[in-house]
Amino acid sequence: MKNIYLLGATGSIGSQTIEIIENHPEQFNLKAISGHSNLEKVIEIASRFPLDLIAVKDEIDALTIKNVFPNVKIVYGEDGLIELAKVNPDDKESFLVNALVGMVGLKPTLAAVEIDRNVLLANKETLVVGGHLIKKALKDHPVQILPIDSEHNAIWQILNGEDKDKIHKLIITASGGPFRDYTRKQLELVDLKQALNHPNWSMGKKITIDSATMMNKGFEIIEAAYLYDIDIDKIEALIHRESIIHSLVEFVDGSVIAQMANPDMRLPISYALFYPGRVASPVKPLCLSSIGKLSFEKVDSEKFPLLGLAIDAYKQGGSKRTVLNAANEAAVKLFLNEKIKFLDIEKIITSEVENHVLIPEPTLDEIYKIDKSVKEKIFTEYDK
Ligand code: NDP
Ligand code: MG
């Protein structure tokens, strides 16, 4: 029996994680959850599981929830997320599942590593912004960071038993998002509804916009560089419209191994929860004969400049990545609130990254300061 502490329980990854836990009550105990704006869903989940701790947005929500669940520990705010990550610190066999969106996930990931708790990581922003800090923390606390992101989970499945030194290239696939066939001219006119209409995946709003701009692929290349400790020039993105192959690994002998499945996040979540075993899952079996053909294309980096900008920010290092992520979070929020146009997202991020004076190895405090000032600057300028 494994205890699960779940950050972001009310979101897309969080809900799918709960579905799997609920289908395997003999294997998992959900012990703690967090929610942010969706208090109703927090209450609904908490009434189905006997929890030790619930983390909510603020003190008012904490009081509301305490009235409903007087015997459960209630915490709130960013400190509450950290408390959740560290609750029951002697429970070493447990998992923290980090399904938060945004860099708010960084401190809780670090907190779990520091108490020697394994982390199932969906929150890619943790590695984009604080990959160097996680790497450092893992030296003293060699826990496992198990990726839920489908491409990284695919690489993990492919590398099972392989010698990492024999990797020649990692190839991360991308559906190309809703605008893969649009021209730059057409991109000037796209609206929020079109951007949220992802062709293959159903996900939270922020990552859906990141997929439309291809920033998501840039983040994923950075994520892979940290997770597999590999030179970023050996990682490639490849447009694969069908989203059937989730990643490929090319080995030094010329063999290329791919992981395939219908696009359904319950598979990577399941693989991580049950590793090293596999269990039957509700994912629809793959029928290649009815799919017929799989296609592959190069990414058009002129049409989607944020992919190159992300790789460049990684190479420049340190605080450039903080700015890349902070400007992205702010710009995507503005776009979701229909304050800016689609192409303004890349304009805002590019300008912030280019103008930022690099700090090579930012501390956690410096990261939070930079994040705050970049977001404030962007909101002051555009949120009118
Ligand atoms: P969602 O937006 O669906 O869920 C995000 C979760 O985080 C919700 O529980 C939300 O709470 C909570 N949250 C949002 N803002 C805050 C905040 N400021 N403080 C505390 N909690 C907050 O996102 P997804 O599930 O789609 O994505 C989660 C992570 O997984 C992201 O990093 C994403 O990139 C990654 N990922 C997602 C995939 C997917 O298929 N969805 C695939 C691969 C990776 P509430 O809803 O109550 O406001
Ligand atoms: Mg992904």
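Each remark here, short or long, concerns the structure printed above.
A brief report on the enclosed structure follows.

Thresholds, definitions, all that
Residues numbered from 1 in each chain as written. Chains lettered and ligands numbered in written order. Predicted model: local features only at pLDDT ≥ 70, side-chain atom pairs only at ≥ 80, totals over all residues. Heavy atoms only, no water. 1 Å grid on protein atoms, 1.4 Å probe; cavity = no way out; pocket = protein on both sides within 12 Å on 5 of 7 lines; lining within 4 Å. Points joined across faces, edges and corners; volume = space filled by probe spheres on them. Helix = DSSP H or I, 4+ residues; strand = E, 2+ residues; numbered from the N terminus. Nonpolar A, V, L, I, M, F, W, Y, C, P; charged D, E, K, R; others polar. Near = heavy atom within 4 Å. Polar contact = N/O pair within 3.5 Å; in protein donor to acceptor, adjacent residues only side chain to side chain. Phe/Tyr/Trp six-rings, centres within 6.5 Å; stacked < 30°, edge-to-face > 60°. Buried < 20%, exposed > 50% of the residue type's maximum accessible area, 1.4 Å probe, protein only. Lys NZ or Arg CZ within 6 Å of the ring centre and 35° of its normal.

## Concerning the layout of surface pockets
Phase 1: When its volume is computed, the second largest pocket comes out at roughly 470 Å³.
Phase 2: Lining the second largest pocket are 19 residues, with Ile145, Lys164, Tyr226, Leu227 and Tyr228 sitting closest to its centre.
Phase 3: Contributions of two or more residues to the lining of the second largest pocket are made by helix H6 (125-140), strand E7 (145-147), helix H7 (150-159) and helix H11 (215-227).
Phase 4: Tallying contributions element by element places H6 first for the lining of the second largest pocket, with five residues.
Phase 5: Here the residues of the lining of the second largest pocket sort into 12 nonpolar, three polar and four charged.

## With respect to the site of ligand 1
Phase 1: Contacts to ligand 1 come from 24 residues, most closely from Thr10, Ser12, His36, Ser37 and Glu125.
Phase 2: At a separation of 2.8 Å, an oxygen atom of ligand 1 approaches a polar backbone atom of His36.
Phase 3: Gly204 is positioned with one of its backbone polar atoms (N or O) 2.9 Å from an oxygen atom of ligand 1.
Phase 4: Partitioning the shell around ligand 1 into residue classes produces 11 nonpolar, 10 polar and three charged.

## Structural notes on the packing of aromatic side chains
Phase 1: For the structure shown, the criterion picks out eight aromatic pairs.
Phase 2: Centre to centre, the rings of Phe335 and Phe342 are 5.7 Å apart; their planes meet at 65°, and the pair counts as edge-to-face. Residues Phe335 and Phe342 agree in their burial class; the two are buried.
Phase 3: An aromatic cluster of at least three residues, connected via ring pairs, comprises Phe179, Tyr182, Phe335 and Phe342.
Phase 4: For the cation-ring pair, Lys107 lies above Tyr368, with the distance from its terminal atom to the ring centre recorded as 4.0 Å.
Phase 5: For Arg117, the ring lying beneath its charged end belongs to Tyr5, and the centroid distance is 4.1 Å.

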